[in-house]
Amino acid sequence: MTDQNRKISQETFDETLLENQELFELSSEDAIAETISQFNQQGIQNIESYIITTHPDSDIGKQERQTRKDFEQHLNFLDSFIKEDGTVNLEVTGDESFENTNASKVLNALQSVSKYCEGTFEDGNKNSGKGATKYDKALPFLTLFHSSNSLYTFMSFLGVVSVADVRQSCSSPTKEQIMILNEICKVLASILTPRKASERQIKYLIKDKFVAMERLLVLISFFVAEMKQNVSSRATASETLRNLVRLACAACRNSEKNKVAFVRALKNSTQNFENTSTVALLVQVLSVSIGLYKEDDLEGNAFLVSLMTELMILVAVLCRYDDFRPEGSGGGLGIDSSYGMNVSSSHDHVMEFHRHGVVPLLHEISLLALTTNKYSTNEPNSDANATFLTEEVMVSLAGAALSATRAIAVNDEIVQALVAVGVLKVVNMALEMGIAESDVPDSETEQTHSLKSYRQQLTVSAIGLIRNLCGNDEIKTTLCLGTPVDPSSSSLHMVLEGMRLYRDNSLIQEHGLGTLAAMALRKPANALRIVQENGPREIIAAMGKFPNNVLVQRQGALAVRNIVSRLVANDATDDNHGSGTLGASNETDINVRDTFLDLGAEVVLRQITGRHQGSVDEAYAALRDLGCEVSMLKYDTETNTVTRKTQMFGEVKSNFRAVYDESDDVQNKIANAAEIL
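Bear in mind that the values here come from a model prediction, so they are computed numbers and not experimental data.

Can you explain the packing of aromatic side chains? Please cite residues and give values.
One pass over the full model with this rule turns up eight aromatic pairs. Note on Phe77 and Phe81: the rings are 5.0 Å apart at their centroids and 80 degrees apart in plane angle, and the pair reads as edge-to-face. Here Tyr321 and Phe324 contribute two aromatic rings whose centre-to-centre distance is 5.3 Å and whose plane-to-plane angle is 80 degrees, an arrangement assigned as edge-to-face. Its relative accessible area of 25% is what places Tyr321 among the partly exposed residues. By relative accessible area, Phe324 is classed as exposed at 69%. A network of ring pairs unites the aromatic residues Phe71, Tyr116 and Phe141 as a single cluster.

Please provide a residue-by-residue account of the nonpolar core, values included.
Grouped together as the largest cluster of nonpolar side chains are 189 residues, with contacts concentrated most on Phe154 and Phe210. The element that contributes the greatest number of residues to this core is helix 14 (residues 298–318), accounting for eleven residues. Here Phe154 is in contact with Leu75, Leu78, Leu110, Val113, Phe145, Ile184, Val187, Leu188 and Ile191, once residues within four sequence places are set aside.

Can you explain the side chain of His511? Please cite residues and give values.
Tracing the backbone through its elements, the reader meets His511 in helix 23 (residues 506–520). With a relative accessible area of 5%, His511 lands in the buried category. Residues contacting His511, with those up to four places away along its chain left out, are Arg406, Val460, Ile463, Gly464 and Arg467.

Just give me the short version of the packing of helix 1 (residues 10–24) against helix 2 (residues 28–41), but keep the residues and values in it.
Direction vectors running N to C along helix 1 and helix 2 enclose 120 degrees, while the axes themselves pass 9 Å from each other. Our classification of the angle between helix 1 and helix 2 gives oblique. Note on packing geometry: the crossing formed by helix 1 with helix 2 is right-handed. Facing helix 1, whose interface residues are Thr12, Phe13, Thr16, Leu17, Asn20 and Gln21, helix 2 presents Ser28, Ala31, Ile32, Glu34, Thr35, Ile36, Gln38 and Phe39. For the contact of helix 1 with helix 2, the class distribution of residues is six nonpolar, seven polar and one charged.

How would you summarise the side chain of His146 if you had to cite specific residues and measurements?
By the secondary structure assignment, His146 is in helix 5 (residues 139–147). The contacts of His146, once residues within four sequence positions are left out, are Ile202, Leu205, Ile206 and Lys209.

Would you mind going over the environment of Arg467 in detail, with residue names and values included?
Secondary-structure assignment places Arg467 in helix 20 (residues 446–469). A C-alpha to C-alpha distance of 6.4 Å links Arg467 and His511, two positions 44 residues apart in sequence. Ignoring anything within four residues of it in the chain, the contact list for Arg467 reads Arg406, Glu510, His511, Gly514, Thr515 and Gln555. A polar contact of 3.1 Å, which involves the side chain of Arg467, links it to the side chain of His511.

I'd like to hear about unusual backbone geometry, residue by residue, with values.
Look at Asn149: it is not a glycine, yet its phi comes out positive at around 60 degrees. By the secondary structure assignment, Asn149 is in the loop between helix 5 and helix 6 (150–157). The class for Asn149 is partly exposed, based on a relative accessible area of 36%. A positive phi is found at Asn534, a non-glycine position, where the angle reads about 65 degrees.

Tell me about the state of the cysteines, residues and numbers included.
Enumeration over the complete set of coordinates arrives at zero disulfides. No disulfide involves Cys470; its sulfur sits 8.0 Å from the nearest other cysteine sulfur, which is in Cys480. Overall, Cys470 belongs to the buried group, its relative accessible area being 2%.

Run through helix 8 (residues 175–192), naming residues and quoting values.
Over its 18 residues, helix 8 runs 26 Å from end to end, which matches the ideal 26 Å to within 8%, given 1.5 Å per residue. Counting buried positions along helix 8 yields 13 of 18 residues, so the element is predominantly enclosed.

Hey, could you go over helix 21 (residues 473–481) for me, with residue numbers and the actual values?
By the burial criterion, the buried members of helix 21 are Ile475, Lys476, Leu479 and Cys480. The arc that holds every buried residue of helix 21, seen down its axis, measures 130 degrees, which confines them to one face. Phi turns positive, to about 85 degrees, at Gly482, one or two residues after helix 21.

Help me get a handle on the pattern of salt bridges, residues and values and all.
If you walk through the whole model with that rule in mind, you get 19 salt bridges. Of the charged contacts, one joins Asp322 and Lys259 as a salt bridge, the two residues approaching to 2.7 Å between their closest N and O atoms. Linking Asp322 in the loop between helix 14 and strand 1 (335–336) with Lys259 in helix 12 (residues 256–264), this pair joins segments that are 63 residues apart in sequence. No difference in accessibility class separates Asp322 from Lys259, as the two residues are buried. Between Arg467 and Glu510 there is a salt bridge whose closest N-O contact spans 3.3 Å. Note that Arg467 is positioned in helix 20 and Glu510 in helix 23, a separation of 43 residues in sequence. Taken together, the shared-partner salt bridges connect Arg195, Glu199 and Lys203 into one network.

About the thresholds
- Here the residue numbers are simple positions, counted from 1 along each chain's written sequence.
- Per-residue local features of the predicted model are confined to residues with pLDDT of at least 70, and side-chain atom pairs are confined, for both listing and counting, to 80 or more; whole-chain, interface and lining totals are unaffected and use all residues.
- Heavy atoms throughout the structure, all of them, feed into the side-chain values; hydrogens and water do not.
- Two aromatic rings, drawn from Phe, Tyr or Trp (for Trp, its six-membered ring), form a pair once their centres lie within 6.5 Å of each other, and the interplanar angle then sorts them: stacked below 30 degrees, edge-to-face above 60, tilted otherwise.
- With a 1.4 Å probe rolled over the protein chains alone, any residue whose accessible area is under 20% of its type maximum counts as buried; one over 50% counts as exposed, and the rest are partly exposed.
- Put simply, a nonpolar core is a bunch of buried Ala, Val, Leu, Ile, Met, Phe, Trp, Tyr and Cys residues held in one set by side-chain atoms that sit within 4.5 Å of each other.
- Helix numbering and strand numbering both begin at the N terminus, where a helix is a DSSP run of H or I of at least 4 residues and a strand a DSSP run of E of at least 2.
- Any two residues whose heavy atoms approach within 4.5 Å are treated as being in contact.
- Each axis is a line fitted through C-alpha atoms, taken for helices only over the stretch in contact, and angles between the N-to-C directions span 0 to 180 degrees.
- By the definition adopted for this analysis, an angle is roughly parallel if under 35 degrees, roughly antiparallel if over 145, roughly perpendicular if from 65 to 115, and oblique otherwise.
- For any pair of crossing helices, the crossing counts as left-handed if the nearer helix is rotated counterclockwise from the farther one by less than a right angle, and right-handed if it is rotated clockwise.
- Amino acids outside the nonpolar list (Ala, Val, Leu, Ile, Met, Phe, Trp, Tyr, Cys, Pro) and the charged list (Asp, Glu, Lys, Arg) are all regarded as polar, and Gly is one of them.
- Contacts described as polar in this section are N or O atom pairs within 3.5 Å, which, within protein, must combine one atom able to donate a hydrogen with one able to accept it, while residues neighboring in sequence count only if both atoms come from side chains.
- Note on terminology: pairs of cysteine sulfur atoms within 2.5 Å are recorded as disulfides.
- The span one expects for a helix is its residue count, reduced by one, times 1.5 Å.
- To be clear, the arc concerns the directions from the helix axis to the C-beta atoms.
- Should a side-chain nitrogen of Lys or Arg be within 4 Å of a carboxyl oxygen of Asp or Glu, the pair is scored as a salt bridge.

This is how it looks when you write it as structure tokens:
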């Protein structure tokens, strides 16, 4: 563990505090300050973020430490049900009510642990809500959960449903076993998912210890068979599957090693009764879910839609690299390459999903989500707002499906396969749903707010997918101009409308700018259409809205450069003399340079984009093509000199000597160098 990650226990802090108070005869407040300062000098920082720093003899301190002991008791209680071989022993008897069973007690303990780790527990401290506690309420318990290795106890509880025993006895899991399995999945998913920046470090440490990938997949394989074969338990099986898949997402997100472990878990598994791979199993679950959705009623579909949403999220997680932690902190890439370096596994996962036929399934799920118009709550007396809750679920599914599709669209072969199944029609339908706000009531209820949020996320996924599809020249022209038969099939106006409608969303602005830059690249007709649709206004507005977002600035500068360079007649010998009007292919008198300059492009590119190291090259190219006086300077920190980064031939005097004269001092220099060696 690095010095930055060094931590102390609560007991160490309390002992040191009492020792300092007695040794130096300090007051309680001074003893606390002295102890914190002492540990800070030893390189142990941020103590107040995870340690209870109140005095152990104060009323508040006693209450807080008692709460900590209660948490430890819950952990020890749960650990008592795990045998030495890792199996779960609930000792169920048939003559007691459920409230008195071990299963009920385990459920209560799991729910209590979840509240502690989320910081939502009631500690009985009346002053805790008034700023008396300086630490994040969840961090001390997460730290204790990590240091006590209770994660292994929780992973053992995943075996409460023993697939081997169930298959051997030809029976089904008991109701109590299913309840515990669902609860342990929910609690683990919550513990592994950071809700705020302060939790990331400790939760990543916990996540790095999660090794129950094989057990997860065996359970998924068992319950998908149950869902397919047993009609009476279909709703229960689909709910359990959803929780298992959600736990897999939480375990794999932001952890490249866990993704690799998850995908490879069934390779040498002794419990792989179906002789399948992880990717093939997930594709099978998708296929079964779609088939059951088409034949089931609205009540069953509610569970299946939730399951398909989680599956889409898992596909996107496995096919996208998102582990940006330094290698020394447990991050880094997951597969050793032949070059002695680590490489991301995301491309391998994408290709494996493609080989197993995931593309048609993604398209089918997207269509199901975007074309469903039957919303029911299954409650005869439900209020009118309840219909938005169901629509919200379908919009969420559509957004997750498009996000997974975007993660898959990494090369031209897959893009062509997506187009062949009809992805261009799907993205237009998704954009129409994402930017449609006229049918949402003005009253800001919880349901309508959530629906707007999911529609915004759907727009992010749709424009992001279009951005990937624009890597193909033919497809991007269709997206920009429409087809010759139906020009209205163009997606350009909806992309610009999405950027205008969700001006405060940086992802939509970045994807929108990236889409415009890709459309204009090597395609003057596309660039002209972007200008005619008032694209420059949205470009400059997005760059001005997010001055500190390097990705937005870079894509915006690329969009400006690609549009201007394709439309401006740069040759001074032509009729326009480089004035910036459109060339021979123009249909109007639009002056592209003036269009951007009047919107303030030069100011944005010089004062905002050009100040970022990640976008300075793009800003230089955009300003150059706009006809602005611009030069790039290179600052040498050693000599404190500034030179032009781009130097033309002849501007700097060369050090080349046309005539070679051997120096008389060469032999002396060689001898001196030999003596030094």
